[in-house]
Amino acid sequence: AEPEGPGASCVAAAKAPVKKNAKVASVSVQLEMKALWDEFNQLGTEMIVTKAGRRMFPTFQVKLFGMDPMADYMLLMDFVPVDDKRYRYAFHSSSWLVAGKADPATPGRVHYHPDSPAKGAQWMKQIVSFDKLKLTNNLLDDNGHIILNSMHRYQPRFHVVYVDPRKDSEKYAEENFKTFVFEETRFTAVTAYQNHRITQLKIASNPFAKGFRDCDPEDWPRNHRPGALPLMSAFARSRNPVASPTQPNGAEKGALAAFAAVAQRPRRPGKRSLARRP
């Protein structure tokens, strides 16, 4: 069984999949910069976690298709452990080895895209970038960053949530979201890069790290901003819609009830409080 809905890290018994609302059933997602993600994945992707919080590189960016243009949706991400192990890097063999049982689980936080909620038409017209998301190893973090254990492996998950206008929408929480998992985005959380090839690839592929190509990776800017990709026409891209990626098996429930109610709250002009909601 896979972990439950967004923010959950426990394992539940498998059950029959829930039939999804038509507003999300037809949604499909394309991972941007897939070639770069694949290149990192082949080496064993590492992501820096710091007390203050560090942005991801590559940045998680997606293109969406199949939304109802006039319906409201929230986009969010969470991170679940790949396994129950802790790792260490063996420099003599340039490989990751199991070092023991995983540390106690960190709080299962959810990162809302700061533009949530928004119409399907807005989400589909351009690439959606989670460049504000930060990773931390500070268990007492109060900034809403994603808390991870260093030297553990994680799988990012992307969720599309339909903002159901019905008063009793919490009853349909399981039907109103769809989860997408791209295995090539898996990574090991570290406080310093272990594999020197990952360091080299990060410097070579991050346009904001050009001034640090001859420097030690510890001299990189603490919060470098990943480069944005040129936006492509939604019309041109939608002529070749992509298939929906494989979704996790097992239960997808429960955890969505809490933010399903939040999704119904009217958005206040000029406020984006959801962006940092843990």
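I will try to describe carefully the structure that is included in this document. (Residues numbered from 1 in each chain as written. Predicted model: local features only at pLDDT ≥ 70, side-chain atom pairs only at ≥ 80, totals over all residues. Heavy atoms only, no water.)

### Focus on the overall build of the chain
Thinking step 1. Secondary structure summary: the chain contains six helices and 15 strands in total.
Thinking step 2. Per-residue burial for the chain yields a buried fraction of 49% across its 278 residues.
Thinking step 3. Contacts in the chain between residues far apart in sequence, at least 24 positions, make up 79% of those at least 6 positions apart.
Thinking step 4. By element, 52% of the accessible surface of the chain is carried by carbon and sulfur atoms, the whole surface being about 13,600 Å². (Helix = DSSP H or I, 4+ residues; strand = E, 2+ residues; numbered from the N terminus. Buried < 20%, exposed > 50% of the residue type's maximum accessible area, 1.4 Å probe, protein only. Contact = heavy atoms within 4.5 Å. Areas by Shrake-Rupley, 256 points an atom, 1.4 Å probe, with all protein chains shown as cover.)

### A look at the pattern of salt bridges
Thinking step 1. In the structure shown here, the tally under the stated rule is twelve salt bridges.
Thinking step 2. Its salt-bridge partner being Asp 84, residue Lys 85 comes within 3.6 Å of it at the nearest N-O pair.
Thinking step 3. Relative accessible area serves as the criterion here: at 44%, Asp 84 is assigned to the partly exposed category.
Thinking step 4. A salt bridge links Asp 131 to Lys 132; the nearest nitrogen and oxygen atoms lie 3.9 Å apart.
Thinking step 5. Salt bridges sharing partners connect three or more residues here, namely Lys 34, Asp 38 and Glu 184. (Salt bridge = Lys/Arg side-chain N within 4 Å of Asp/Glu carboxyl O.)

### Quick notes on the packing of aromatic side chains
Thinking step 1. Counted under the stated rule, the structure contains eleven aromatic pairs.
Thinking step 2. Where Phe 40 meets Phe 57, the ring centres are 6.4 Å apart and the plane angle is 85°; that geometry is what we call edge-to-face. Taken together, the residues Phe 40 in helix H2 (residues 34-43) and Phe 57 in the loop between strand S3 (54-55) and strand S4 (61-65) connect sequence positions 17 residues apart. Of the two residues examined, Phe 40 and Phe 57, each falls in the buried class.
Thinking step 3. Ring plane angle 80° and centroid distance 5.1 Å describe the contact between Tyr 89 and Phe 91, whose orientation is recorded as edge-to-face. (Phe/Tyr/Trp six-rings, centres within 6.5 Å; stacked < 30°, edge-to-face > 60°.)

### As for the sheet that holds S3
Thinking step 1. Within the open sheet, the three strands sit side by side as S3-S11-S12. Their pairing is mixed. Pairing within the sheet leaves two strands with one partner each, and these edge strands are S3 and strand S12 (146-147).
Thinking step 2. Here S3 pairs with strand S11 (residues 134-136) via two bridges, running antiparallel. Within the sheet, the bridge partner assigned to Arg 54 lies in S11 and is Leu 135. (Pairing = 2+ DSSP bridges.)

### Details of the pairing of strand S6 (residues 85-90)
Thinking step 1. Relative to strand S7 (residues 95-101), S6 runs antiparallel, the two sharing six bridges. Counted as the bridge partner of Arg 88 is Leu 97 from S7.
Thinking step 2. Between S6 and S7, which pair antiparallel one after the other, the connecting turn spans four residues, and Ser 94 there sits at a positive phi close to 50°.

### Regarding the nonpolar core
Thinking step 1. Of all hydrophobic cores here, the largest spans 44 residues; its most connected members are Leu 64, Leu 135 and Phe 158.
Thinking step 2. Judged by nonpolar contacts, the second largest core, of seven residues, contains Met 74, Leu 76, Val 110 and Val 163. (Core = buried A, V, L, I, M, F, W, Y, C linked by side-chain atoms within 4.5 Å.)

### Quick notes on helix H4 (residues 196-205)
Thinking step 1. Three or more residues of H4 are buried, namely Ile 198, Thr 199, Leu 201, Lys 202 and Ile 203.
Thinking step 2. Residues of H4 that are buried in the fold lie against H2 and strand S2 (46-48).
Thinking step 3. Taking the backbone nitrogen of Arg 197 as reference, a side-chain oxygen 2.9 Å away marks Asn 195 as the first, capping residue of H4. (Polar contact = N/O pair within 3.5 Å; in protein donor to acceptor, adjacent residues only side chain to side chain.)

### Re unusual backbone geometry
Most peptide bonds adopt trans geometry, and most residues besides glycine take a negative phi value.
Thinking step 1. Pro 58 follows Phe 57 through a cis peptide bond whose omega is 0°.
Thinking step 2. The residue Pro 58 is located in the loop between S3 and S4 in this model.
Thinking step 3. Here Ser 116 and Pro 117 are connected by a cis peptide whose omega angle stands at -10°.
Thinking step 4. Summarising the element assignment, Pro 117 is placed in the loop between strand S8 (111-112) and strand S9 (118-119).

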